[in-house]
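Okay, here's what each chain looks like letter by letter:
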Amino acid sequence: MIQDIAPHVFHNEYTKKKPSEDSLFLFFNGQKILIKTPEVSEDAQNQPEEPGNPEIAYFTLSQIRSLLPSAAEYIECNSVFLFTIDTQDFFLFMQPQERQMPSHEEIAGFIMDKYSQSFDNGLATLHPLSVLRTGVPRHLAFAGITGHQLYLWYQSRRFCGKCGRPLRHSDKERMMYCEHCHHMEYPVLCPAVIVAVTHGDKLLLTKYEGRDYKRYALIAGFAEIGESIEETVRREVMEEVGLRVKNIRYYKSQPWSFSGTLLFGFFCDLDGDDTITLDTEELSVADWFTRDEIMDDGENVSLTREMMRVFKTSRP
Ligand SMILES: [Zn+2]
């Protein structure tokens with residue numbers, strides 16, 4: 001799955017750190033990430049390019065310094081420590097927070113756009129985040145998508161939600177606080193469930209309505225305030241396909257930063273009638289599939305696909 005980056009080790013303990021010359025910097029622009037163009041050896045230049053997984057690379061501070069000498073100090077001073085993988089530190093370039101109310105012109109002239117375009121001259125390219133689903137090496141793809149979740153959080157925590165004044169970074173933990181009214185903001189995690197409903201030799205598969213993701217998936221949905229995660233499982237299955245379930249078994253969890261969620265995977269058994277009543281606002285298709293009918297395209301990024309594969313290859 002996307003978080004399985006062994007032998008590399010992800011460390012997300014927050015400390016107030018300054019970047020070193022070999023720290024890696026992540027740059028985002030909305031739903032896009034700046035990927036450094038891989039350096040190609042002379043031998044490889046003469047070879048025809050092979051289609052495969054996109055290569056993920058980022059800039060170190062020293063590389064930024066040599067490419068954009070006038071901007072390096074500015075980028076260094078407006079960055080926040082994200083996390084470490086093995087001994088490699090990752091930093092996020094952030095828009096300065098001082099301005100009270102940015103005008104449209106200021107937002108349009110957001111400094112990252114400017115630098116992204118400077119980079120976008122063959123040295124690097126802005127890619128849609130989906131490049132991180134299949135990009136290699138896997139630990140750098142995981143760094144990119146995890147960094148993007150933090151980027152979105154920081155972007156929307158620039159001003160106090162209670163009094164509107166600028167928020168400050170805590171020195172001690174990953175938290176933003178308001179000096180005026182003492183309001184505190186911690187990173188937001190949205191718990192959600194992925195549910196594999198089984199019925200003897202069959203598994204319930206669905207397709208989402210009105211989304212880009214067109215392949216078969218499992219029942220999924222966000223936890224609501226006031227319910228346990230097992231109650232989320234029962235409620236989501238009832239809402240989406242009108243079925244009762246029993247024997248709910250926790251499988252694994254997965255941080256899924258593409259949608260800012262922490263996913264909890266559960267297997268459960270159908271309880272009673274197998275007649276599906278489709279919630280057509282959420283789903284376009286829902287049906288029972290035998291082990292032989294479940295498709296496997298080899299994708300090993302998501303918890304959903306792993307759970308489908310586990311059912312397909314398990315002995316009934
Ligand atoms: Zn405040």
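Keep in mind the model is a prediction, meaning the values are calculated, not measured.

### Some words on the overall build of the protein chain
So, point 1. Each helix and strand in the protein chain was counted, giving nine helices and 17 strands.
So, point 2. In the protein chain, which comprises 316 residues, the proportion classed as buried is 44%.
So, point 3. Within the protein chain, counting contacts between residues at least 6 apart in sequence, those at least 24 apart form 67% of the total.
So, point 4. Per element, the accessible surface of the protein chain, about 16,800 Å² overall, is 51% carbon and sulfur.

### Digging into the pattern of salt bridges
So, point 1. Evaluation of the coordinates by the stated rule reveals 14 salt bridges.
So, point 2. For R157, the salt bridge identified is with E185, shortest N-O distance 3.0 Å. Separated by 28 residues along the polypeptide, R157 in the loop between α7 (138-155) and β9 (168-169) and E185 in strand β11 (residues 184-185) bring together distant segments of the chain.
So, point 3. When its relative accessible area of 16% is taken as the criterion, R157 is described as buried.
So, point 4. E185 gets classed as buried once you look at its relative accessible area, which sits at 17%.
So, point 5. R215 is the salt-bridge partner of E299, the closest N and O atoms lying 3.9 Å from each other. With E299 in the loop between β17 (283-290) and α9 (303-313) and R215 in the loop between β13 (202-208) and β14 (219-222), the pair connects residues that are 84 residues apart, well separated along the chain.
So, point 6. Overall, E299 belongs to the buried group, its relative accessible area being 13%.
So, point 7. Relative accessible area serves as the criterion here: at 35%, R215 is assigned to the partly exposed category.
So, point 8. Counted as one network, the salt bridges with shared partners bring together E227, R235, E236 and E239.

### Focus: α9
So, point 1. Looking only at α9, the buried set comprises L303, T304, R305, E306, M307, M308 and F311.
So, point 2. On its buried side, α9 packs onto β12 (190-199), β13, β15 (245-256) and β16 (261-270).

### Points about the pairing of β12
So, point 1. The element β12 is extensively covered by neighbouring structure, given that seven of its 10 residues are classed as buried.
So, point 2. Bridge count between β12 and β16: nine bridges; the pairing is parallel. Paired with V195 across the strands is F266, a residue of β16.
So, point 3. Sheet topology places β12 next to β14; four bridges connect them, and they run antiparallel. Note on β14: the bridge partner recorded for V193 is G221.
So, point 4. Strand direction decides the pairing type here: β12 and β13, joined by two bridges, are antiparallel. Pairing of T198 across the sheet is with L203, part of β13.
So, point 5. The hairpin formed by β12 and β13 contains two residues between the paired strands, and G200 there has a positive phi angle of roughly 65 degrees.

### Examining the sheet that holds strand β8 (residues 124-128)
So, point 1. Spatially, three strands are ordered β3-β4-β8 in an open sheet, and the strand pairing comes out antiparallel. Every other strand in the sheet has two partners, leaving β3 (28-29) and β8 as the edge strands with one partner each.

### Overview of the coordination of the zinc ion
So, point 1. Bound to the zinc ion are the protein donor atoms C160 (SG), C163 (SG), C178 (SG) and C181 (SG), situated 2.3 Å from the metal.
So, point 2. Coordination at the zinc ion is tetrahedral: its four donor atoms span angles of 100 to 121 degrees at the metal.
So, point 3. All donors to the zinc ion come from one chain, and their sequence spacing reads C-x2-C-x14-C-x2-C. Here C163, found in the loop between α7 and β9, pairs with C181, found in the loop between β10 (176-177) and β11; they are 18 residues apart in sequence, far enough to count as distant.
So, point 4. Note on C181: relative accessible area 27%, which makes it partly exposed.

### What about unusual backbone geometry?
So, point 1. Residues A6 and P7 are joined by a peptide bond in cis, for which omega reads 10 degrees.
So, point 2. Looking at the element boundaries, P7 is found in the segment before β1 (10-11).
So, point 3. Geometrically, the link from V136 to P137 is a cis peptide bond, its omega value of -5 degrees lying close to zero.
So, point 4. Of note, P137 is situated in the loop between α6 (131-134) and α7.
So, point 5. Here H182, not a glycine, exhibits a phi torsion of approximately 65 degrees, which is positive.
So, point 6. Tracing the backbone through its elements, the reader meets H182 in the loop between β10 and β11.

### Side note on the sheet that holds β1
So, point 1. One open sheet holds the five strands; their spatial order is β1-β6-β7-β2-β5, and the pairing between them is mixed. The open sheet terminates on both sides in strands that have one partner only, identified here as β1 and β5 (59-60).
So, point 2. The pairing of strand β6 (residues 79-85) with strand β7 (residues 88-93) spans six bridges and is classified as antiparallel. Within the sheet, the bridge partner assigned to I85 lies in β7 and is Q88.

Basis of the calculations
Sequence order sets the numbering: in each chain, residues are counted from 1 along the sequence as written. Reporting of local features is limited, given that this is a predicted model, to residues whose pLDDT is at least 70; pairs of side-chain atoms are given and counted only at 80 or more, and all residues count toward the totals for whole chains, interfaces and linings. To get the side-chain values, take all heavy atoms of the structure and skip hydrogens and water. The numbering of helices and of strands both runs from the N terminus, where a helix is a DSSP run of H or I of at least 4 residues and a strand a run of E of at least 2. Note on classification: 1.4 Å probe, protein chains only; a residue is buried when its accessible area is under 20% of the maximum for its type, exposed when over 50%, partly exposed between these limits. Note on contacts: a residue pair is in contact if any heavy atoms of the two residues lie within 4.5 Å. Surface accessibility in these figures is a Shrake-Rupley result with a 1.4 Å probe; residues are shielded only by whichever protein chains are displayed. Criterion for a salt bridge: a side-chain nitrogen of Lys or Arg within 4 Å of a carboxyl oxygen of Asp or Glu. The criterion for strand pairing is that DSSP finds at least two bridges linking the strands in question. Metal donors: N, O and S atoms at distances within 2.8 Å, or within 3.2 Å for Na, K and Ca, with water omitted from the atom set so that some sites may seem incomplete. Every geometry call rests on angle ranges, with four donors termed tetrahedral when all angles are between 85 and 135 degrees, four termed square planar and six termed octahedral when opposite donors are over 155 degrees apart and all others are between 65 and 115, and everything else termed irregular.

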